[in-house]
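The primary structure of each chain is shown beneath.
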Amino acid sequence: MQNYIQKFSLDRVLNDELISSLALNRYSKGNIIIQQGEEPEYVFFLVKGKIKTYKTSDEGKRLILSFKEKFDILGDIEFVQQAPYINTVEAMTDVLILTIPVHIAQSVGMNHLPFVQFVLERITEKLYVNSNALAFNLMYPVEVRLCSYLLSVALNDRTVSNRELKDAADLIGTSKRHMNRVLVDLVNENIIERRKDSILIIQHDRLIELAKHNIYEERIR
């Protein structure tokens with residue numbers, strides 16, 4: 001844990017009491033880290049691994065907001081607002097996360113100026129970048145959204161399992177029929193290859209080009 005504190009300079013924004021309250025948690029691929037609608041229990045610091053963030057409508061439809069694999073703070077907006085989590089966060093790979101209990105972050109962190117400044121800077125950045133991200137991404141054609149999704153869920157930039165395709169249409173905001181038409185086009189252009197249990201990315205650079213350099217990672221981060 002100390003390695004991650006030093007690597008991300010957390011000792012500059014956390015005092016001794018906050019650091020002593022840190023815990024290192026491991027999440028396996030597919031585990032839910034944050035559940036939309038639940039009351040916050042922790043402030044999270046992503047230190048290793050990849051996550052996806054999505055929103056679920058009242059009708060049960062899900063829509064991808066972003067994928068992240070760089071250091072980030074999670075649950076910060078809800079922590080400041082003292083409100084339920086607004087999105088669901090799921091581990092895309094095995095993930096390591098540092099946590100601080102919310103009640104300690106409230107009682108200690110909010111009285112420690114470097115921590116307050118750090119949290120507010122992160123929130124301001126997220127609100128600025130993500131203010132219209134959901135509507136903005138839906139303005140892209142399905143081809144761009146699907147190519148971006150394939151890039152984000154591919155293992156070693158090469159393989160996408162059928163498991164990741166199961167709910168892909170829902171997550172990128174289209175119909176399965178439309179998604180399958182785009183997949184057929186990508187196959188016909190020899191950009192991907194359909195296999196029994198997966199999709200193989202053949203032309204990675206071409207897929208990046210079609211994905212506008214990945215709208216779920218570059219433009220939302």
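Since the structure is predicted, the reported quantities are computational estimates derived from the model, not experimental observations.

Draft legend 1. Representation of the side chain of K68 within the structure. Along the chain, K68 turns up in strand β5 (residues 62-68). Reaching out from K68, the side chain makes a polar contact with the side chain of D72 at a distance of 2.8 Å.

Draft legend 2. Structural context of the sheet that holds strand β7 (residues 88-91). Strand order in the open sheet formed by 4 strands is β2-β7-β4-β5, and the pairing between neighbours is antiparallel. Strands with a single pairing partner mark the edges of an open sheet, and in this sheet they are β2 (32-34) and β5. On average, each strand axis in the sheet is inclined to that of its neighbour by 30 degrees, with strand direction left out of account. Pairing analysis gives 6 bridges linking strand β4 (residues 51-56) to β5, with the strands arranged antiparallel. Among the inter-strand pairings, I51 is bridged to a residue of β5, identified as K68.

Draft legend 3. The nonpolar core, seen in detail. Counting 33 residues, the largest nonpolar core has Y149, L150 and L186 as the members making the most contacts within it. Sorting the residues of this core by element identifies β5, α7 (142-153), α9 (168-172), α10 (176-188), β11 (198-201) and α11 (204-210) as the ones contributing at least two each. The element that contributes the greatest number of residues to this core is α7, accounting for 8 residues. Contacts of L150, omitting those with residues within four sequence positions, involve V160, L165, L183, L186, I201 and L207.

Draft legend 4. Broad picture of the environment of Q35. Tracing the backbone through its elements, the reader meets Q35 in the loop between β2 and β3 (42-48). Among the residues examined, Q35 registers a relative accessible area of 33% and is labelled partly exposed. Placed 72 residues apart in sequence, Q35 and S107 show a C-alpha to C-alpha distance of 24 Å.

Draft legend 5. Looking closely at the pairing of β7. Of the two faces of β7, both are covered, the one formed by T88 and E90 as well as the one formed by V89 and A91. Relative to β7, β2 runs antiparallel, the two sharing 2 bridges. Along β7, the bridge assignment pairs I34 with V89. Examined bridge by bridge, β4 and β7 share 4 bridges and lie antiparallel to one another. The partner of I51 across the bridge, within β7, is A91.

Draft legend 6. View of the environment of R26. One can find R26 in strand β1 (residues 23-27). Note on R26: relative accessible area 66%, which makes it exposed. The contacts of R26, once residues within four sequence positions are left out, are V95 and L96.

Draft legend 7. The arrangement of α10 in detail. With 13 residues, α10 should reach 18 Å at 1.5 Å per residue; the first-to-last C-alpha distance of 18 Å fits that figure. For α10, the complete set of buried residues consists of M179, V182, L183 and L186. Along the long axis of α10, the arc covered by the buried residues comes to 100 degrees, so they all point the same way. The exposed residues of α10 that point more than 90 degrees off its buried face are R177 and N188. Contact partners of the buried residues in α10: α7, α8 (162-165), α9, β10 (192-194), β11 and α11.

About the cut-offs
- Residues numbered from 1 in each chain as written.
- Predicted model: local features only at pLDDT ≥ 70, side-chain atom pairs only at ≥ 80, totals over all residues.
- Heavy atoms only, no water.
- Helix = DSSP H or I, 4+ residues; strand = E, 2+ residues; numbered from the N terminus.
- Polar contact = N/O pair within 3.5 Å; in protein donor to acceptor, adjacent residues only side chain to side chain.
- Pairing = 2+ DSSP bridges.
- Axes fitted to C-alpha atoms, helices over the stretch in contact; angles between N-to-C directions.
- Core = buried A, V, L, I, M, F, W, Y, C linked by side-chain atoms within 4.5 Å.
- Buried < 20%, exposed > 50% of the residue type's maximum accessible area, 1.4 Å probe, protein only.
- Contact = heavy atoms within 4.5 Å.
- Expected span 1.5 Å × (residues − 1).
- Arc of directions from axis to C-beta.

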